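Reading the structure
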Amino acid sequence: MKNLILEMEEYAKEHNVPIIEKESIAFLMKFIKQHDIKNVLEIGSAIGYSGILMASSSRQVKVTTIERDETNYMEALKNVKKCGFEGKVTVVFQDALELNLAEGTEYDLIFIDAAKGQYKKFFEKYKYFLAPGGAIITDNLKFHGYVGKSDKIESKNLRQLVGKIEGYIDFLKTNEEFDTEFLDIGDGLSVSVRKNDEK
Ligand code: SAH
Ligand code: MG
């Protein structure tokens, strides 16, 4: 397992796959343990790195993870098999915006880590599958330090992307249904919980 994790880190570096930062995955693993999370939905598997680590954080937790890129999907499948997690991690090869989950499916934790420009769409689509008391965690809200400085970015594509992340942060801050905590961990994480779920 430890070797596989190192192998995945190497692969990610070599192939420029943006896997989660150490500090952020440590936070997620602790969160899963502390809140006794049983079902996780991850949007954006890449090579399975965060999915496998989340699945390893407690005995009962299971992870369903969605990936639309075929190369990454194949790599994720291979890695799940290598660590014998076929029963704990299910990798779904599909665009998360096109997937139809069975009605009544519920997750205690939804981890959003796919296309940064689509965060709001993922949130709006998947909040209906959040179990009562569950949390939606989003990664990369600092986007390498660009967030909050989009007006100074020269590249149009990057400026638009960062603008969308800023828009998502505003959407969370002004959301009437969810309360969100923003954490200065790794590349920036948010934890959103339904207001009327709080004790
Ligand atoms: N969670 C991973 C990293 C994910 S990188 C980790 O930390 O280990 C983001 C991934 O999301 C990429 O592999 C990309 O192909 C995928 N992705 C982007 N948009 C998507 C979408 N709409 N549906 C499914 N996967 C998507
Ligand atoms: Mg990420």
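What you are looking at is a predicted structure, and each value in this text was computed from that prediction instead of being measured.

**Here's the deal with the overall build of the chain**
Regarding its fold elements, the chain presents 6 helices and 7 strands. Counting helices and strands in the order they occur from the N terminus, the chain gives α-α-β-α-β-α-β-β-α-β-α-β-β. The globule rule puts the C-alpha radius of gyration for 199 residues at 16 Å, and the 16 Å found for the chain is close to it. When the backbone C-alpha atoms are referred to their principal axes, the chain occupies close to 45 × 45 × 30 Å. Per-residue burial for the chain yields a buried fraction of 50% across its 199 residues. If you take every contact in the chain between residues at least 6 apart in sequence, the share linking residues at least 24 apart comes to 67%. About 10,600 Å² of surface is accessible on the chain, with carbon and sulfur atoms providing 48% of the total. With 28 positive and 33 negative side-chain charges, the chain shows a spacing of 1 Å between the two charge centroids.

**Digging into helix 1 (residues 2–14)**
Taking 1.5 Å of rise per residue, 13 residues should cover 18 Å, and helix 1 covers 19 Å from first to last C-alpha, within 8% of that figure. For helix 1, every residue scored as buried is listed here: L4, I5, M8, E9, Y11 and A12. On an axial view of helix 1, the arc spanned by its buried residues comes to 165°, and they lie on one face. Structural note: helix 1 exposes K2, N3, K13 and E14 on the side pointing more than 90 degrees away from its buried face. Looking at the packing, one finds that the buried side of helix 1 touches helix 2 (22–34), helix 3 (49–55) and helix 4 (70–82). Two residues or fewer after helix 1 comes N16, characterised by a positive phi angle close to 55°.

**Some remarks on the site of ligand 1**
Every one of the 21 residues lining ligand 1 counts as a neighbour, but G44, E67, N72, A96 and D113 are closest to it. One of the backbone N or O atoms of G44 is found 2.8 Å from a nitrogen atom in ligand 1. The separation between an oxygen atom of ligand 1 and a polar side-chain atom of E67 is 2.5 Å. Its free accessible area being 590 Å², ligand 1 has 93% of it covered by the protein chains. Where the shell around ligand 1 is concerned, the elements lending two or more residues are helix 3 and strand 2 (62–67). Looking at the shell around ligand 1, its residues break down into 10 nonpolar, 5 polar and 6 charged.

Analysis parameters
Residues numbered from 1 in each chain as written. Chains lettered and ligands numbered in written order. Predicted model: local features only at pLDDT ≥ 70, side-chain atom pairs only at ≥ 80, totals over all residues. Heavy atoms only, no water. Helix = DSSP H or I, 4+ residues; strand = E, 2+ residues; numbered from the N terminus. Rg over C-alpha atoms; globule rule 2.2 N^0.38 Å. Buried < 20%, exposed > 50% of the residue type's maximum accessible area, 1.4 Å probe, protein only. Contact = heavy atoms within 4.5 Å. Areas by Shrake-Rupley, 256 points an atom, 1.4 Å probe, with all protein chains shown as cover. Lys, Arg positive; Asp, Glu negative; His and termini not counted. Charge placed at Lys NZ, Arg CZ, Asp CG, Glu CD. Expected span 1.5 Å × (residues − 1). Arc of directions from axis to C-beta. Near = heavy atom within 4 Å. Polar contact = N/O pair within 3.5 Å; in protein donor to acceptor, adjacent residues only side chain to side chain. Nonpolar A, V, L, I, M, F, W, Y, C, P; charged D, E, K, R; others polar.

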